[in-house]
Amino acid sequence: MYTENDKRIICKHEGCGNECPPERLSTRGFKIQYRQCHTCSNLISNYGINNGQRKQMLKEQNNKCAICSKEISFKGQTNKGDNSTDAAVLDHCHSTTNIRGILCTPCNRALGLFKDSPDILNSAIKYLQTH
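Reference entry: report on the structure contained in this document.

Cut-offs and rules
- Residues numbered from 1 in each chain as written.
- Predicted model: local features only at pLDDT ≥ 70, side-chain atom pairs only at ≥ 80, totals over all residues.
- Heavy atoms only, no water.
- Salt bridge = Lys/Arg side-chain N within 4 Å of Asp/Glu carboxyl O.
- Helix = DSSP H or I, 4+ residues; strand = E, 2+ residues; numbered from the N terminus.
- Contact = heavy atoms within 4.5 Å.

### Section: the pattern of salt bridges
Taken as a whole and judged by the stated rule, the model has two salt bridges. Residues R100 and D91 are paired through a salt bridge, measuring 2.8 Å at the closest nitrogen-oxygen approach. Notably, a salt bridge pairs D116 with R100, separated by 3.3 Å at the nearest N-O pair. Here D116 is found in the loop between α3 (105-113) and α4 (118-130), whereas its partner R100 is found in strand β4 (residues 99-104), with 16 residues between them in sequence. Through salt bridges with shared partners, one network takes in D91, R100 and D116.

### Quick notes on the environment of I9
Here I9 shows up in the segment before β1 (24-25). For the pair I9 and Q36, spaced 27 residues apart in sequence, the C-alpha separation works out to 8.7 Å. Beyond its immediate stretch of four places on either side in the chain, I9 contacts N18, E19, C20, Q33, Y34 and R35.

If you want it as structure tokens, here you go:
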């Protein structure tokens, strides 16, 4: 990820284990050493949790999708992640950003296609049951 000369520091968040960006000089010439990785930075700013907490949530779900129970993993994802069918996705409400659980990519997409609407999902269930 970084060159051999870069000083490697592990993210400060418990359970994360990712490497932080390398030390660099600021525009004023001060040394800057990051204490958290990009993944934690993105998760904290978007959802208020770090990567260690996200990993713990998946562990509490037995590494399975909360909807279909397929085995999933984060695969070292960062901001946009991996779109494979066994990739874990942090599912959240788009209006509140509250985390609902961890899903596989297809289940997460399905909720989005149904506009996160229980009414539309119930209508789809009724349709499937009658056809």
